[in-house]
Amino acid sequence: MTSLSEKVDRIEESQTIAITSLAKKLRAEGKKIISLSAGEPDFPTPENVKQAAIKAINDNFTKYTQNEGTPELREAVAEKFRRDNGLNVKASNILVSNGGKHSIFNALQTICNPGDEVIIPAPYWVSFPEMVKLADATPVILQTKEERGFTFTANDLRPLLTQKTKALIINSPSNPTGSVASEETLRGIAKLAKERDFFIISDEIYEKIIYDGNKHFSIGSIPEVQDRVITASGVSKAYSMTGWRIGFMAANEEIVKRASKIQSQLTSNASSISQAAALEALKGPQSDVEKMRVSFQHRRDVMMERLSGIDGMTLAKPGGAFYFFPSVKRLFGKSNGGQVLRNSADIASYLLLEAQVALVPGAAFGSDSHIRISYAYAEKELTEAVDRIAAAVTKLR
Ligand code: GLU
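What you see is a predicted model, and the numbers here were worked out from it, not measured in a lab.

*Asks:* Tell me about the side chain of D116, and please be specific about residues and values.
*Replies:* The residue D116 is located in the loop between α5 (100–111) and β3 (117–122) in this model. Of note is the side chain of D116, whose polar atom sits 2.9 Å from the side chain of K166. Those residues in contact with D116, other than ones at most four positions away along the chain, are I111, A137, T138, K164 and K166.

Written as C-alpha cells, this is what we have:
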C-alpha cells in the first residue's frame, strides 16, 4: 500500500480525549472507574438552553445556516465580547465554529506559513502544539516555573522571539494549571506584541470560571493590539454545553474572512440546532453560570484541603478553570512491589489500576513531573477519588 501522511505521524493523539475514552470503556466493562480526566462540567445544560434547541428542531431550523454562524448568534457573541470582555467588535468580527478547539485551529491555519514559530507557554493545553504542527508551523515552548505559579511576563518571552515568531498562544485561566494572568502582565505582553510584530491567540474558554473575586481580563480589549489578537471562547465550559460543539473567535475582519474561507471548505456552519441553543445561552438568564462557578470554587477548596494531605504530592491553588496540576516528582522511584514509577504516565497508570481513578499524565501538557486532576465532577465522586488516590499512594515504598 502507498504511504500515508507523514504530518499525522508527527502529531500526538489528544491524551485528554484518549484517557476519557479509555475510562468510558473500562466503565462499560463493569470497572468502578472514577474519571477525573476530562475538563467537562458535570451539570446538565441549563433548561432554557435545552428548550431553545427543542424549539429549533420543531421549527425545522435544521438546514445549513450562514457559514460564519447565524446573524443573530454572531451579533449576540459580539455583544457578549463587548459587554464582558471590553472588545471593540461587531458581528463581522465573529466566526462561529464547532467548539473552541475548532476556533483555535482555524486561527492557526489562517495566520501561519511553513517555518513560522508559535510560542506556547508550558504547561499548555494538549492540543496547542499539535495544532501548530498541523498548520505547518513550529511550536516554541516557554517553560514557566511552578514557584511562580506557572505565570510568565513579557520579559520571559523576549529570549524566544526570532524573525520567524508569528504568534503567542495564551490561555488564562489556564488548562491545566488554573493560573490566571494579571492585567499588568497582559498589558506588558501586548506592548511586546506590538513592538515585535506578532499575533496573540488568546484562548479564554475558562473566562467565567475564575475565583476569589478576581476579574477576567481580555488582552484583545487593549486598543493598540486589537487587530493582532484573536480571542477564542465558546459556550462549552460556562454553560455546560461541551457536547453541543459551539465555539467562536473574535478577530479583525480580514482574519475572520480568511478563517471563514477555511471553514467553508471543511465543515461549513456549526450545527444549526446548537447555534439556536448557544443564542439562548448568551441572551437568556445568566444565573446558572454563576451558580456553577460558585460550585466549582467550593469543589476547589474541598479538593485543595484533601489533596494537600497526600504525602508525595505538592500543589498550587488554582485561580480559575477546574483543574489541579500537582507535582508527583516525589513519588518517582517508588513502587508497590511491582513496576517502579518513573514518570507521569507511570503514575497515571498506577492510579488507574490501583485506585481506579483516571487522570491525565502531565507529559501531555509539557510537564512530566505533574498529573492533571479535573474537579468538574460531583463532590461525592471527588472525595471518593481522593480517598482512593491517597490509599494507593500510601502503598508506595
Ligand atoms: N478541553 C478539555 C480538556 O482539556 C476537553 C477535552 C479536550 O478537548 O481536550 O479536558
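Next comes the rest of the description.
*Asks:* Lay out the pattern of salt bridges in plain terms, naming residues and giving numbers.
*Replies:* Here the idea is simple: oppositely charged side chains can pair when their charged atoms come close. In total, this model carries 29 salt bridges according to the counting rule given. Notably, a salt bridge pairs K31 with E29, separated by 3.7 Å at the nearest N-O pair. A salt bridge links R82 to E75, with the nearest nitrogen and oxygen atoms 3.0 Å apart. Overall, E75 belongs to the partly exposed group, its relative accessible area being 32%.

*Asks:* Tell me what's going on with the sheet that holds strand β8 (residues 247–250), and back it up with residues and numbers.
*Replies:* An order of β2-β8-β7-β6-β5-β3-β4 is seen for the seven strands of this open sheet, with the pairing classed as mixed. Each edge of the sheet is formed by a strand with only one pairing partner; in this case those strands are β2 (94–97) and β4 (138–143). Pairs of neighbouring strands in the sheet enclose a mean axial angle of 20°, with direction left out of account. In this sheet, strand β7 (residues 229–234) lies alongside strand β6 (residues 199–203) in parallel orientation, the contact comprising four bridges. Bridge pairing links I201 to I230 in β7.

*Asks:* Talk me through the site of the ligand; I want residue IDs and the actual numbers.
*Replies:* The full set of residues close to the ligand is T16, I17, A38, G39, K101, W125, N175, Y206, K237, Y323 and R372. For the ligand, an oxygen atom lies 3.1 Å from a polar atom in the side chain of W125. In this structure, K237 approaches the ligand through a side-chain N or O atom, which is 3.4 Å from a nitrogen atom. Looking at the shell around the ligand residue by residue, the class counts come to five nonpolar, three polar and three charged.

*Asks:* Residues and numbers for helix α10 (residues 272–283), please.
*Replies:* Note that an α-helix has 3.6 residues per turn; residues three or four places apart therefore point the same way. Here α10 is twelve residues long and its end C-alpha atoms lie 17 Å apart, about the 16 Å a rise of 1.5 Å per residue gives. Within the span of α10, buried status applies to S272, S274, Q275, A276, A277, A278, A281 and L282. Structurally, α10 contributes buried residues whose contacts are with α3 (47–58), α4 (71–85), β2 and β8. Capping the start of α10 is the job of one residue whose side-chain oxygen sits 3.3 Å from the backbone nitrogen of I273: S271.

Rules of the game
Residues numbered from 1 in each chain as written. Predicted model: local features only at pLDDT ≥ 70, side-chain atom pairs only at ≥ 80, totals over all residues. Heavy atoms only, no water. Helix = DSSP H or I, 4+ residues; strand = E, 2+ residues; numbered from the N terminus. Polar contact = N/O pair within 3.5 Å; in protein donor to acceptor, adjacent residues only side chain to side chain. Contact = heavy atoms within 4.5 Å. Salt bridge = Lys/Arg side-chain N within 4 Å of Asp/Glu carboxyl O. Buried < 20%, exposed > 50% of the residue type's maximum accessible area, 1.4 Å probe, protein only. Pairing = 2+ DSSP bridges. Axes fitted to C-alpha atoms, helices over the stretch in contact; angles between N-to-C directions. Near = heavy atom within 4 Å. Nonpolar A, V, L, I, M, F, W, Y, C, P; charged D, E, K, R; others polar. Expected span 1.5 Å × (residues − 1).

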